[in-house]
Amino acid sequence: MAQEHGPDPPGPGTLETVALAVRFRNDPLGGTLWAFERYGDVVCWRFGPRRLYSIFRPEHIQHVLHDNHQNYVKGDLVERTKVLIGDGLFSSEGSTWRRQRRIIQPSFERRRVASLIPLITMATGAMLDEWSRYADRGTAFDLPAAMTGLTLDVIGRAFFGVDLRTEAAAVRDALGVALAYVNRRAMAFFPMPVGVPTPAALRFRRARQTLDGAVTRIIEARRARLDPDAGDLMSLLLSARDPESGEAMSDVEIRDQVLTFVLAGHETTALALTWALYLLALHPDVDARLRDETRRVLADRAPTLEDLAHLPYARMVLDETLRLYPPIWAFVREAIADDRLDGYRIRAGSSVGVIPYVTHRHPSLWDQPDRFDPERFSPAAVATRPRYAYLPFSGGPRQCIGRDFALMEAQLALAMIVRDYRVAVTSPTPIVPDISITLRPRGPFAVTPERASAGG
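Quick caveat: nothing in here was measured; it's all calculated off a predicted structure.

Conventions we followed
Residues numbered from 1 in each chain as written. Predicted model: local features only at pLDDT ≥ 70, side-chain atom pairs only at ≥ 80, totals over all residues. Heavy atoms only, no water. Axes fitted to C-alpha atoms, helices over the stretch in contact; angles between N-to-C directions. Helix = DSSP H or I, 4+ residues; strand = E, 2+ residues; numbered from the N terminus. Parallel < 35°, antiparallel > 145°, perpendicular 65-115°, else oblique. Contact = heavy atoms within 4.5 Å. Nonpolar A, V, L, I, M, F, W, Y, C, P; charged D, E, K, R; others polar. 1 Å grid on protein atoms, 1.4 Å probe; cavity = no way out; pocket = protein on both sides within 12 Å on 5 of 7 lines; lining within 4 Å. Points joined across faces, edges and corners; volume = space filled by probe spheres on them. Phe/Tyr/Trp six-rings, centres within 6.5 Å; stacked < 30°, edge-to-face > 60°. Buried < 20%, exposed > 50% of the residue type's maximum accessible area, 1.4 Å probe, protein only. Lys NZ or Arg CZ within 6 Å of the ring centre and 35° of its normal. Pairing = 2+ DSSP bridges. Salt bridge = Lys/Arg side-chain N within 4 Å of Asp/Glu carboxyl O.

1. Let's talk about the packing of helix α13 (residues 284-298) against helix α17 (residues 403-420)
Okay, so step 1: Running from N to C, α13 and α17 point in directions that differ by 100 degrees, and their axes come no closer than 8 Å. Judged by the angle between their axes, α13 and α17 are roughly perpendicular. Along its contact with α13, which presents Asp-287, Leu-290, Arg-291, Thr-294, Arg-295 and Leu-298, the element α17 presents Leu-414, Ala-415, Val-418 and Arg-419.
Okay, so step 2: Taken together, the residues of the contact of α13 with α17 sort by class into 5 nonpolar, 1 polar and 4 charged.

2. So, the layout of surface pockets
Okay, so step 1: Size it by volume and the second largest pocket reaches roughly 390 Å³.
Okay, so step 2: Lining the second largest pocket are 19 residues, with Asp-319, Phe-377, Val-382, Tyr-390 and Arg-403 positioned closest to its centre.
Okay, so step 3: Among the secondary structure elements, those contributing two or more residues to the lining of the second largest pocket are α14 (312-324), α16 (379-383) and α17.
Okay, so step 4: Top element by residues in the lining of the second largest pocket is α14. It accounts for 4 residues.
Okay, so step 5: Looking at the lining of the second largest pocket residue by residue, the classes come out as 11 nonpolar, 3 polar and 5 charged.

3. A few points about the packing of aromatic side chains
When we look at a pair of aromatic rings, we describe it by the centre distance and by the angle of the planes.
Okay, so step 1: This model, assessed by the stated rule, comprises 15 aromatic pairs.
Okay, so step 2: When the centroid spacing of 5.9 Å and the interplanar angle of 70 degrees are considered together, the rings of Trp-275 and Tyr-278 count as edge-to-face. Placement of both Trp-275 and Tyr-278 in helix α12 (residues 251-282) is noted, with a separation of 3 residues, approximately one turn of the helix. Across the pair, Tyr-278 and Trp-275 agree in class, each one buried.
Okay, so step 3: In textbook terms, an aromatic cluster arises when at least three aromatic residues are bridged by ring pairs, as seen for Phe-108, Phe-159, Phe-261 and Phe-405.
Okay, so step 4: Residue placement shows Lys-74 over the ring face of Phe-90; its charged tip is 3.9 Å from the ring centre.
Okay, so step 5: One cation-aromatic arrangement involves Arg-385 over Phe-377; the distance from NZ or CZ to the ring centre is 5.2 Å.

4. Brief notes about the sheet that holds strand β12 (residues 446-451)
Okay, so step 1: Across the sheet, which stays open at both edges, the 3 strands sit in the order β4-β12-β9 with antiparallel pairing between neighbours. Edge strands, defined here as strands with exactly one partner in the open sheet, are β4 (141-142) and β9 (421-425).
Okay, so step 2: One ladder, built from 2 bridges, connects β4 with β12; its direction is antiparallel. Within the sheet, the bridge partner assigned to Phe-141 lies in β12 and is Val-447.

5. Focus on empty space enclosed by the protein
Okay, so step 1: With the rule as written, the count across this model stands at 2 cavities of 30 Å³ or more.
Okay, so step 2: In this structure, the largest cavity encloses a volume near 40 Å³.
Okay, so step 3: Looking at the largest cavity, the residues that line it are Leu-152, Leu-164, Val-171, Leu-211, Ala-214, Val-215, Ile-218, Leu-259 and Val-262.
Okay, so step 4: With 4 residues, helix α10 (residues 199-223) is the single largest residue contributor to the lining of the largest cavity.
Okay, so step 5: Of the pockets and cavities examined, the second largest cavity occupies roughly 30 Å³.
Okay, so step 6: If you list the elements that add at least two residues to the lining of the second largest cavity, you get α12 and α17.
Okay, so step 7: Taken together, the residues of the lining of the second largest cavity sort by class into 6 nonpolar, 2 polar and no charged.

6. Some thoughts on the pattern of salt bridges
Okay, so step 1: Overall, the coordinates contain 26 salt bridges when judged by the stated rule.
Okay, so step 2: Residue Arg-255 pairs with Asp-212 through a salt bridge whose shortest N-O separation is 2.6 Å. One end of the pair, Arg-255, is in helix α12; the other, Asp-212, is in helix α10, and 43 residues separate them in sequence.
Okay, so step 3: Each of Asp-8, Arg-51 and Arg-347 takes part in a single network of salt bridges with overlapping partners.

Encoded structure:
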């Protein structure tokens, strides 16, 4: 019967899969690259009757995320993340997701996003004023923490009308604990219920309490001065009514949406800026070229909407950074019914892993894929590349709603930073990704800002 649907893709048997899963737990990036190199573009991982497929080619990804997306839901692995983010836009499905998307979409319309540019440049300027004191003293600071503080400031003011700077350190630390726990839970064969008081679960519950407290303060502060015409995300959430029932969002629904956007809305941009500045520190020729562009376009003023089109190299640097370090390095869909990919059977009820980290390094798509080269994203190069060769924000109907905002914020902030400063990495150990749900740098990441000279 199975043969009528096509054979299973190549991959290890059940015993080898279990052994490899244990071996790869501490190095899923290396393990996934190994499986791709050994088995090819579609890999089948067998767990008895269960199947997990890893896919890497753009046409296969397009089939799952776009062409036949009705057959694929986020499934059990995303369900496990709901212990943190609840039923927000990222994790919801079906009619619930469509309703949420309709309510939230106006906050991401182009005109609304463009109106936030002065807020972004003001927050970046305030951060650079702090860097001036570090530069004067030759003092190092933690780069991911600085980028998190910046993006929390922006997301709080832009979408919720509140100042999150006082929350930055607590939110960052709690987020690290919570994401590590959720990541382990997502990768476990049999995840332990959160209610079981293991040390990890207790740490997670304390972290979630911290995050819930921050979200509650956001909601209460905004509700106290609700302006239904403000046009920001919080005003939409608080004043939204279901078009069929006329009911408002419940407090739980609002909490889930706010937490989803606080976490996702700042994390992606903070990581993009962190990795971009790290790569620029390693590639002074790229750093100098970007600085030349920013000084020629901006001189000493804050960037505007019109400047974005004249800062193409800044966008190319960001795109190449997101290729090498996609914030979400892998994600999963679950097949509702049997399907076929490249002649192979995809079984109903099985999971399909989309792995941007590997697709972004596919040797048939990228020459010398581990090399940092922003020229890969010149208009001519992009025009020749398959659409789903590059997907740092997923794709299809479930593409990240905040994609354009995140890229605009990162492009503006990066241009302002590089115009005035270069960063020297002072951490004594190599900077490597920490494999959580997102690709965060592992451990402390100390840098010292140095004022860039007039000649570059």
